[in-house]
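# Structural features, examined
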Amino acid sequence: MNIVTCIAPVNIAVIKYWGKRDEFLILPTNDSISATLDTDQLHARTTVMISPDFKEDRIWLNGKEEDVKNARLQNCLKGIRKRSQLSGYTNDWKIHICSKNNFPTAAGLASSAAGYACLTAALAKLYKIEGDISIIARSGSGSACRSTIGGFVRWHMGSDKYGTDSLAKQIVPASHWPELRILVLVVSDEQKKVPSAIGMKRSMETSQLLQHRIMHVVPERANKMQRAIVEKDFKNFAQLTMKDSNQFHAVCLDTYPPCIYMNDISNSIINLVHSYNDAVNDVKVAYTFDAGPNATLYLLEKDVSAVIGVLDHFFPPSENVTIEYRRGLPVEGIKPSQGILEKLELQKYPPGQLRYMIYTKVGDGPKYLNNPQDHLLDDQGNPIN
Ligand code: DP6
């Protein structure tokens, strides 16, 4: 086999990774935990091809040729080639790589996590590598290690200075908590953001709060989170998720100069979630934000239509919709209860502050596509548009 195509999922952390103890090897300063999202809604797709006829390694991302010398890409390629030699696969043929996302990169979703997980999984099959591949994906982008596995995943920071024990492991498979749902709210935003790698370096250099978080908060919180997931204890899961997102953004503000990732709409979503939970006298929804303004909500299936109803009321979709507003799994009977709306004393935004929402659930890890029509490279190794 000289060509492999694979899809890999996005993951959204509920205990955030922020801070590296080794920048080159991408070794984190704390454990992190995430849910892997279903590839049916969001995925990266990558085709890798190897041939004695190729003159050099080449890569195309979302339709454009990129520099194959990129350090992170080289980390993955070298890691794979080294492992393959150890397992007796020896040739020095060049490879072509073509990758694209089924969601707009501009959506600000963790596209590098899905991308590097996909690249690693595809190369692993091409080079017949067995066993853990999360270590190799990690060397491309830290959070990518968690996207090599389905369900709920913990990235163990490890203690070895070469990073041999800094890898991702499954806590439970996707089937463990089938009622759990995820709503990704894509928020309008033009602001240029500090890339995560630069932001976390700056936080390591300047934030005392980050040191406190690493030493005194995450170790205990990650264990509590793992327990909440295993026990399907939504209330604890939701509270820990929100607290960890808030602390991560507090660290970003404690960084000097500060990294400001959330905007007014993000803050209003936080407000709405707390007001909603207060109004129903329970914890039914949790928010979390990565290095950008988009919100990811975790909730149970039975509450989805009521929550979307509330969101539609306070953040109505744009009137001149040119793109599909509600994407992903189907939802029926969207209608907020009038009683709840009256209890929520919140400002109603003008239409279009949310660009769109993606409704999805927890899913499995990377999948291989065996139909030749799914390949992104033709017989000669050129990208197919
Ligand atoms: C806020 O994995 O993108 O999404 O390792 O430098 O590639 P690098 O960083 P990256 O950081 C992700 C940070 C986060 C939190 C998380 O996903 O845990």
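As shown above, the structure is provided for reference.
Conventions we followed
- Residues numbered from 1 in each chain as written.
- Predicted model: local features only at pLDDT ≥ 70, side-chain atom pairs only at ≥ 80, totals over all residues.
- Heavy atoms only, no water.
- Pairing = 2+ DSSP bridges.
- Helix = DSSP H or I, 4+ residues; strand = E, 2+ residues; numbered from the N terminus.
- Buried < 20%, exposed > 50% of the residue type's maximum accessible area, 1.4 Å probe, protein only.
- Contact = heavy atoms within 4.5 Å.
- Axes fitted to C-alpha atoms, helices over the stretch in contact; angles between N-to-C directions.
- Expected span 1.5 Å × (residues − 1).
- Near = heavy atom within 4 Å.
- Polar contact = N/O pair within 3.5 Å; in protein donor to acceptor, adjacent residues only side chain to side chain.
- Areas by Shrake-Rupley, 256 points an atom, 1.4 Å probe, with all protein chains shown as cover.

## Section: the pairing of strand β7 (residues 58-61)
Across four bridges, the pairing between β7 and strand β9 (residues 94-101) is parallel. When the bridges of β9 are listed, Leu61 appears paired with Ser99. Inspection of the sheet shows β7 paired to strand β8 (residues 64-66) by three bridges, in the antiparallel sense. Bridge pairing links Ile59 to Glu66 in β8.

## Focus on the environment of Pro350
For Pro350, the position within the fold is in the loop between α9 (338-343) and β16 (354-361). Judged by relative accessible area, Pro350 falls into the partly exposed class, the value being 47%. Spatially, the C-alpha atoms of Pro350 and Phe314 are 8.4 Å apart, while their sequence positions differ by 36 residues.

## Details of the sheet that holds β7
Taken in spatial order, the six strands of this open sheet run β8-β7-β9-β6-β1-β17, and their pairing is mixed. The sheet terminates laterally at β8 and β17 (367-368), the two strands that pair on one side only. Sitting on the sheet, helix α1 (residues 71-86) is in contact with β7 and β9, with an inclination near 130° to β9. Relative to the sheet, helix α2 (residues 111-126) contacts β1 (3-8), β6 (44-51), β9 and β17, its axis offset from that of β6 by approximately 35°.

## With respect to the pairing of strand β14 (residues 295-300)
Within β14, six of the six residues are buried, leaving the element largely enclosed by the surrounding structure. Burial of β14 is two-sided: the residues Ala295, Leu297 and Leu299 facing one way and the residues Thr296, Tyr298 and Leu300 facing the other way are all buried. In the sheet, strand β12 (residues 180-187) pairs with β14 via six bridges, with the strands oriented antiparallel. Its bridge partner being in β14, Leu183 is matched across the sheet by Leu297. As paired elements, strand β13 (residues 285-289) and β14 share five bridges and run antiparallel to each other. When the bridges of β14 are listed, Phe289 appears paired with Ala295. Between β13 and β14, which pair antiparallel in sequence order, lie five residues.

## Some thoughts on α2
For α2, spanning 16 residues, the distance from its first C-alpha to its last is 22 Å, which sits close to the expected 22 Å at 1.5 Å a residue. Across the 16 residues that make up α2, a large majority, 14, are buried. In the segment just after α2, Lys128 is the residue with positive phi, at about 55°.

## Observations concerning the site of the ligand
As a matter of local geometry, the ligand sits amid 17 residues, with Tyr17, Arg72, Ser141, Gly142 and Ser143 nearest to it. Measuring from an oxygen atom of the ligand, one finds a side-chain N or O atom of Tyr17 at 2.6 Å. In the complex, the protein chains occlude 93% of the 470 Å² of accessible area that the ligand would expose alone. For the shell around the ligand, the element with the most residues is helix α4 (residues 196-206), which contributes three residues.

Everything listed is a geometric property; what it means functionally is a separate question.
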